Amino acid sequence: MAQKKAQERIAILGDIHANLEAFQAVLAAAKERGVTQYVCIGDLVGYNANPKECLDMLRALKPIGVVMGNHDEYVGANHDLSGFNPVAQLAVKWTRERLSMDDRKWLTSLPYQKEIFRFGTGMPPFCIVHGTLDNPGMWGYIFTRLNAMASMEYQGNDNLCFCGHTHVPMYFIKDDLDTKAFYFPFEKPLKLEMNQKYLFNVGSVGQPRDGDPRAAFTIYIPDDETVELIRVPYDIKKTQEKIVAAGLPPRLADRLAEGR
Ligand code: ZN
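Here's a quick rundown of the structure. None of these values were measured; they are calculated from a predicted model. (Residues numbered from 1 in each chain as written. Predicted model: local features only at pLDDT ≥ 70, side-chain atom pairs only at ≥ 80, totals over all residues. Heavy atoms only, no water.)

**Things to note about the packing of aromatic side chains**
Two aromatic rings, taken as a pair, are described by how far apart their centres are and by the angle between their planes. Counted only if it meets this: Classification of ring pairs rests on two measures: the distance between centres of Phe, Tyr or Trp rings, Trp counted by its six-membered ring, which must be within 6.5 Å, and the angle between planes, read as stacked under 30 degrees, edge-to-face over 60 and tilted in between. Secondary structure follows DSSP: runs of H or I at least 4 residues long count as helices, runs of E at least 2 residues long count as strands, and numbering of each begins at the N terminus. Type-normalised accessible area, obtained with a 1.4 Å probe on protein chains alone, sets the label of each residue: buried when under 20%, exposed when over 50%, and partly exposed for intermediate values.
Scanning the entire structure with this criterion turns up 11 aromatic pairs. An angle of 25 degrees between the planes, with centres 5.8 Å apart, marks the rings of F162 and F200 as stacked. In this pair, F162 is assigned in strand 6 (residues 160–163) and F200 in strand 10 (residues 197–201), connecting sequence segments 38 residues apart. For F162, a relative accessible area of 0% translates into the label buried. Classification of F200 by relative accessible area gives buried; the value is 0%. Measuring from ring centre to ring centre gives 5.3 Å for Y171 and F200, while their planes differ by 25 degrees; the resulting arrangement is stacked. Of this pair, Y171 sits in strand 7 (residues 170–174) while F200 is found in strand 10, placing the two residues 29 residues apart along the sequence. F200 shares its class with Y171; the two are buried. An aromatic cluster is present here, built from F126, F162, Y171, F182, F184, Y198, F200 and Y220 joined pairwise through their rings.

**Quick look at the pattern of salt bridges**
Selection rule: We count a salt bridge whenever a side-chain nitrogen from Lys or Arg sits within 4 Å of a carboxyl oxygen from Asp or Glu.
For the structure on display, the rule yields 11 salt bridges. Look at the salt bridges and you will find they share partners, linking K52, D56, R59 and D103 into a network.

**Things to note about the coordination of the zinc ion**
Counted only if it meets this: Distances define the donors: N, O and S atoms within 2.8 Å of the metal qualify, as do those within 3.2 Å of Na, K or Ca. Water is excluded, so some sites may look unfinished. Key to geometry: four donors with every angle between 85 and 135 degrees are tetrahedral; four donors are square planar and six octahedral where opposite donors lie over 155 degrees apart and all remaining angles lie between 65 and 115; all other sites are irregular.
Only D15 (OD), H17 (NE2), D43 (OD) and H167 (NE2) from the protein reach the zinc ion as donors, at distances of 2.1 to 2.4 Å. Because the angles between the four donor atoms bound to the zinc ion fall within 84 to 177 degrees, the donor set is best described as irregular. Spacing between the donor residues of the zinc ion along the chain follows D-x1-H-x25-D-x123-H. One end of the pair, D43, is in the loop between strand 2 (37–40) and helix 2 (51–60); the other, H167, is in the loop between strand 6 and strand 7, and 124 residues separate them in sequence. Of the two residues, D43 and H167, neither departs from the other in class, the shared state being buried.

**Structural notes on helix 8 (residues 250–258)**
Keep this limit in mind: Throughout, the arc means the angular range of directions from the helix axis out to the C-beta atoms. Here, two residues are considered to be in contact whenever any of their heavy atoms come within 4.5 Å of each other.
Of the residues making up helix 8, those classed as buried are L252, A253, R255 and L256. Projected onto a plane normal to the axis of helix 8, the buried residues spread over an arc of 165 degrees and lie on a single side. As for helix 8, its buried residues are in contact with helix 4 (86–98) and helix 7 (236–245). At the C-terminal side of helix 8, G259 shows a positive phi close to 65 degrees.

This is the structure in structure tokens:
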């Protein structure tokens, strides 16, 4: 008797930023929703107080795709930090001291972008990138439809791309006529149409900036062709206390409660 294959459910996690409590809450929510695979669109480290724990937790999930974020690059490599604002600079230096050389090497070994194949679905691969597909190593932001249009030019045959970097969950749809920007509907799966191209910003696990302090992640179900944004409350106070205790800038603790 043929056994029914379990439905693949892919959690897309982005901008975890060393926030262990948010990451744990997101993983519990993903498990509850029957997630089978994990993908990470970068910025595992930076800002919050548990870089090593978050790195190990992500790797233990055996994700099917991970790309590098700007913080991963700056923490992993020995780049000069003059391009960063002072708060980010301090956080990067602090983080470097908490990771082993192997951890840092692993971060810099990550690709800027990656195509993930959906074997057996007849679907083209989908792609992941931290910032933008047009020049991913420049770390540009996608806030507007013009930014999205420039990136989507490089999507090729992939009808679907997931990104992060702005920490603001939203999505863009491109058809023959136009590219439009949307905010996610609340806790309602979006059905993808075959004749359109999509670019999703999956929101931030560890430092949301859309005014909603809850952790954000996205679940993609290839069989159904749906994408859903999930928000998860977590112990913000505990994360804030760790930031302060670590001597990281207090502003990094304050902003978590504001979701800014
Ligand atoms: Zn980030």
